[in-house]
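# Secondary and tertiary structure notes
Okay, here's what each chain looks like letter by letter:
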Amino acid sequence: MTMTDDEDALDFAIVVYREDDHWEAEMLPVALTSDLRGLVQALRQTPSMGTTIGMVAVGDDFFVVLRVFGERVSVFLSDITAAWDWSLARQVLEYLDVPVPEADEEDLDGVYPAGDLSIFADLGLDEMELGALSGDLDLLPDEVLSSIAARLGFSHPFERAVDAAVG
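The notes below deal with the structure included here. (Residues numbered from 1 in each chain as written. Predicted model: local features only at pLDDT ≥ 70, side-chain atom pairs only at ≥ 80, totals over all residues. Heavy atoms only, no water.)

### As for the nonpolar core
Test applied: To qualify as a nonpolar core, a set must consist of buried Ala, Val, Leu, Ile, Met, Phe, Trp, Tyr and Cys residues joined through side-chain atoms within 4.5 Å. Think of it in three bands: with a 1.4 Å probe and only protein chains considered, a residue is buried below 20% of the maximum accessible area for its type, exposed above 50%, and partly exposed in between. Segments assigned H or I by DSSP are reported as helices when at least four residues long, segments assigned E as strands when at least two residues long, and all are numbered from the N terminus. Note on contacts: a residue pair qualifies if any of its non-hydrogen atoms lie within 4.5 Å across the two residues.
Core analysis: the biggest nonpolar cluster contains 28 residues, and Leu39, Phe62, Val64, Leu66, Leu77 and Leu88 have the highest contact counts within it. Breaking this core down by element, the ones donating at least two residues are β1 (11-19), α1 (36-45), β3 (52-58), β4 (62-69), β5 (72-77) and α2 (87-96). The dominant element in this core, judged by the number of residues it contributes, is α1, at five residues. Beyond its immediate chain neighbours, meaning those up to four positions away, valine 64 contacts Gly54, Met55, Val56, Val75, Phe76, Leu77, Leu88 and Val92.

See the structure below:
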C-alpha cells in the first residue's frame, strides 16, 4: 500500500512569520502537505516583516521546512527515502534536483536529509544541529519541528498552530 493518501496520519502544515517584532504562526490547509508548489505560493502570500517559514509534518515519516525571503526559497527534507511513498518528498527532491533513490538500495538504512542544512543558521540553528535533529530516530516529525520552533524562538505560536491544525 502506498501511503501518499493515508488519512489516519498526523499531517499538518504551519506558516510562521514575523509581525510587529514577534513571531506568529497559523495552520495551512492540510492539502498543502502534498503540494510543494502550493506551499511556496501560500508562504509568499503571507504578509511578513522579512522571512516566512513553512513547517510540514507528514505522518510518522518525515518533515519538510521551507523558508521564503523575497524570491529566494530554501527547502530542507528530513529523509530522501520518504520519496518512495510520499508525493511531497518526491516534489522536494525534484525541486532540489536530487534523484529519488532506488527503493531496493540496501545501503539506505537510516535517515538521509536533503536540501539546505543552513536554512536556519542565521536564526541560531546551525547545520550540525539540524542534521542531528532530523536524524534522531527517537523523535517523530512533529517533535522535531517543535524542537526547531523552540530553538528559533517561536515555540508558543507554533504549538498553538499545531493544536489548531490537529484538533
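### Considerations on the packing of aromatic side chains
Within a pair of aromatic rings, the relevant descriptors are the distance that separates the centres and the angle that separates the planes. In plain terms, the rule: In this analysis, rings of Phe, Tyr and Trp, with Trp reduced to its six-membered ring, are considered paired at centre separations within 6.5 Å, and the interplanar angle assigns stacked below 30 degrees, edge-to-face beyond 60, and tilted for intermediate values.
Following the criterion strictly, the structure yields four aromatic pairs and no others. Centroid distance phenylalanine 12 to phenylalanine 158: 6.3 Å. Interplanar angle 65 degrees. Geometry classified as edge-to-face. Linking phenylalanine 12 in strand β1 with phenylalanine 158 in helix α5 (residues 155-166), this pair joins segments that are 146 residues apart in sequence. In terms of burial, phenylalanine 12 and phenylalanine 158 fall into one category: buried. Ring plane angle 55 degrees and centroid distance 6.1 Å describe the contact between phenylalanine 62 and tryptophan 86, whose orientation is recorded as tilted. You can see phenylalanine 62 sitting in strand β4 and its partner tryptophan 86 sitting in the loop between β5 and α2, a full 24 residues away along the chain. Look at phenylalanine 62 and you get buried, because its relative accessible area is 1%. Classification of tryptophan 86 as buried rests on a relative accessible area of 5%.

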